[in-house]
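# Coordinate analysis (summary)
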Amino acid sequence: MVNSRKTDSPESQALGSNSAAVIIRDMAIDDLAPIYHLGEELFTSDLYPYLYRTWDEWEVIGLYNTDPEYCLVAEIEEQVAGFVLGTVISKASWIYGYIIWLGVNAKFQRRGVADRLVDKIVERMIEEGVRFMLVDTDPTNAAAVKFFTRKGFGNIRKHIFLSMNLSKHEQYGRLVAYERDKAERAGKRRSRRPASNP
Ligand SMILES: CC(C)(COP(=O)(O)OP(=O)(O)OC[C@H]1O[C@@H](n2cnc3c(N)ncnc32)[C@H](O)[C@@H]1OP(=O)(O)O)[C@@H](O)C(=O)NCCC(=O)NCCS
């Protein structure tokens, strides 16, 4: 349940054949937990391992703290239907707008909610001087790729992620041996100590 609060230029609009109206508004403090949990439902380890690994409560809290003007919520019938979290990166020659996270509750998908969220964040970014937008996602995320392509994003470049299991690293092995040794020495010290009187 979302508390009533100040809305940012509320834009209520009936969505397609579904009569419920969507309101795009600024994220507020009460939205932190619902957005985090919605992200947990959407960015699953089996579907999108990278998104799953990088999504945590600090993504929501951190961006709400640093970029509140680019943290928007779509509300339908007092429920958080979706969210977009973004930031702006200023370089000498360009100001980039970056959509970091976008998610829509499965029961409200394919009703134009993400469309409205992205339109609003882009509008805000243009007002702030952004002239170039960036977004990334898992290459197998067909819904997102289709969505962003349809919104006008293009020039797709693949970026590879490499990983290493540090439990196989020699430094990790040394650390485990050191900790084991320390625990054994502590155990021996305890057993040498005379038993204290009750
Ligand atoms: C991607 C996502 C945000 C789209 O949200 P949405 O509100 O359903 O999108 P919209 O209703 O605005 O869709 C607009 C268009 O995008 C495309 N699209 C959206 N979802 C699609 C899907 N599942 N399959 C194919 N195309 C899709 C369609 O062209 C759609 O238009 P149409 O419904 O008239 O065919 C949503 O599927 C989602 O939350 N996915 C999981 C999280 C995620 O992957 N986020 C992006 C990376 S951070």
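Residues numbered from 1 in each chain as written. Predicted model: local features only at pLDDT ≥ 70, side-chain atom pairs only at ≥ 80, totals over all residues.

## Points about the environment of Leu134
- Inspection of the secondary structure puts Leu134 in strand S6 (residues 132–135).
- Along the sequence, Leu134 and Ile99 sit 35 residues apart, while their C-alpha atoms lie 6.4 Å from each other.
- Once residues lying within four places of it in the same chain are set aside, the contact partners of Leu134 are Tyr96 and Tyr98. (Helix = DSSP H or I, 4+ residues; strand = E, 2+ residues; numbered from the N terminus. Contact = placed C-beta atoms within 7 Å.)

## Brief notes about the nonpolar core
- With 33 residues, the main nonpolar core has Leu72, Phe83, Val84 and Leu117 as its most contacted residues.
- The set of elements that each furnish at least two residues to this core consists of strand S2 (18–26), helix H1 (32–42), strand S3 (71–76), strand S4 (79–90), strand S5 (95–104) and helix H4 (113–127).
- In terms of residue count, H4 provides more of this core than any other element does, 6 residues in total.
- Excluding residues within four positions of it along the chain, Leu72 makes contact with Ile24, Arg25, Asp26, Met27, Phe83, Val84, Leu117, Lys120 and Ile121. (Core = buried A, V, L, I, M, F, W, Y, C linked by C-beta atoms within 7 Å. Buried ≥ 20, exposed ≤ 12 C-beta atoms within 10 Å, placed from the backbone.)

## Some remarks on the pairing of S4
- Here 6 bridges tie S3 to S4, and the two strands are oriented antiparallel to one another. Its bridge partner lying in S4, Leu72 is registered against Val84.
- Count of turn residues in the S3/S4 antiparallel hairpin: 2 residues, of which Glu77 carries a positive phi of about 45°.
- By the bridge criterion, 9 bridges tie S4 to S5 in an arrangement that is antiparallel. (Pairing = 2+ DSSP bridges.)

## Considerations on the site of the ligand
- Taken together, 19 residues lie around the ligand, and Gln109, Ala114, Asp115, Ala143 and Phe147 are the ones closest in.
- Those elements giving two or more residues to the shell around the ligand turn out to be S5, H4 and helix H5 (142–150).
- If you tally residues by element for the shell around the ligand, the top one is H5, at 5 residues.
- Among the residues making up the shell around the ligand, the classes are represented as 9 nonpolar, 5 polar and 5 charged. (Near = placed C-beta within 6 Å. Nonpolar A, V, L, I, M, F, W, Y, C, P; charged D, E, K, R; others polar.)

## So, the confidence of the model for the protein chain
- For the protein chain, the average pLDDT comes to 88, and 88% of its residues sit at 70 or higher.
- Every residue in residues 1–11 scores below 50 in pLDDT, and together they form 16 contacts with partners more than four places removed in sequence or on other chains. (pLDDT = per-residue confidence, 0-100.)

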